[in-house]
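Each chain, written out:
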Amino acid sequence: MKKLKISALLAVLAFSPFYAGVFPVENTPVVKIVADVIKWNSEFIDIGTIPQGKPKVIRFEFTNTTSKPVVIQNVTPSCGCTTADYTKTPVLPGKKGFVEASYNAANPGAFMKTVKVTTSESKIPKTLSFKGVVS
């Protein structure tokens, strides 16, 4: 009986309004903040079939939709078989920039790779991905 009373008390406290203000919530969702920074032409590209032994460059383009310059701070490919290049200068409002992934098509078969992009306006990395088949 004592355990039941303690459990009931803990349940009441867990759903108490006291805890309602523990995690402040802003009016703007995180998804909207990230979406407003830059608009990607495509976040996923299917490059189809590519020949073995010939690296393939995949280009992701974006537009700065903010009112201030955006700088790409970091681009991280998912593996050592992919290298990355990107716009090194600040991308002015309304202007376009790019991230390029160069995939070393050394092994035959299907693949799916990602590149994570961090900007000056969002510390949450944006994941860009591409897939294809090496023949």
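Quick look at the structure, then. The structure presented is a predicted model; accordingly, all values stated were derived computationally and were not measured.

Basis of the calculations
One numbering rule holds for all chains: residues counted from 1, following each sequence as written. A pLDDT threshold of at least 70 governs which residues receive local features in this predicted model, and a stricter bar of 80 or more applies before side-chain atom pairs are shown or counted, although totals over entire chains, interfaces and linings include all residues. Only hydrogens and water are set aside when side-chain values are computed; all heavy atoms of the structure are taken into account. Two strands pair if DSSP finds at least two bridges between them. Only runs of H or I of at least four residues qualify as helices and only runs of E of at least two qualify as strands under DSSP, and these elements are numbered from the N terminus. All axes here are fitted lines through C-alpha atoms, helices being fitted over the stretch that makes contact, and every angle between N-to-C directions spans 0 to 180 degrees. The term salt bridge refers to a side-chain nitrogen of Lys or Arg lying within 4 Å of a carboxyl oxygen of Asp or Glu. Remark: exposure states derive from per-residue accessible area (1.4 Å probe, protein chains only) relative to the maximum for the residue type, with buried under 20%, exposed over 50%, and partly exposed in between.

What follows deals with the sheet that holds strand β6 (residues 96-103). With antiparallel pairing, the four strands of this open sheet are ordered in space as β1-β3-β6-β5. The strands lining the two open edges of the sheet, one partner per strand, are β1 (38-40) and β5 (82-86). Looking at each pair of strands side by side, their axes are set apart by 25° on average, direction ignored. Two strands pair when backbone bridges link them, and strand β3 (residues 56-64) and β6 are joined in this way by eight bridges, in the antiparallel orientation. Bridging from a neighbouring strand, Val 57 pairs with Ser 102 of β6.

Overall, mixed pairing links the four strands, which are arranged β2-β8-β7-β4 in an open sheet. Strand pairing shows two members of the sheet lacking a second neighbour, β2 (44-50) and β4 (72-77), which therefore form its edges. With strand direction ignored, the average angle separating the axes of adjacent strands in the sheet is 20°.

What follows concerns the pattern of salt bridges. Considering all chains together, one arrives at five salt bridges under this definition. Glu 121 serves as the salt-bridge partner of Lys 68, at 3.6 Å between the closest nitrogen and oxygen. Of the two residues, Lys 68 sits in the loop between β3 and β4 while Glu 121 sits in the loop between β7 (109-119) and β8 (122-134), which places them 53 residues apart along the sequence. Judged by its relative accessible area of 27%, Glu 121 falls in the partly exposed class. Close ionic contact of Asp 85 with Lys 88 constitutes a salt bridge, the shortest N to O distance being 2.6 Å. For Lys 88, a relative accessible area of 52% translates into the label exposed.

Everything listed here is a matter of geometry and, on its own, says nothing about what the molecule does.
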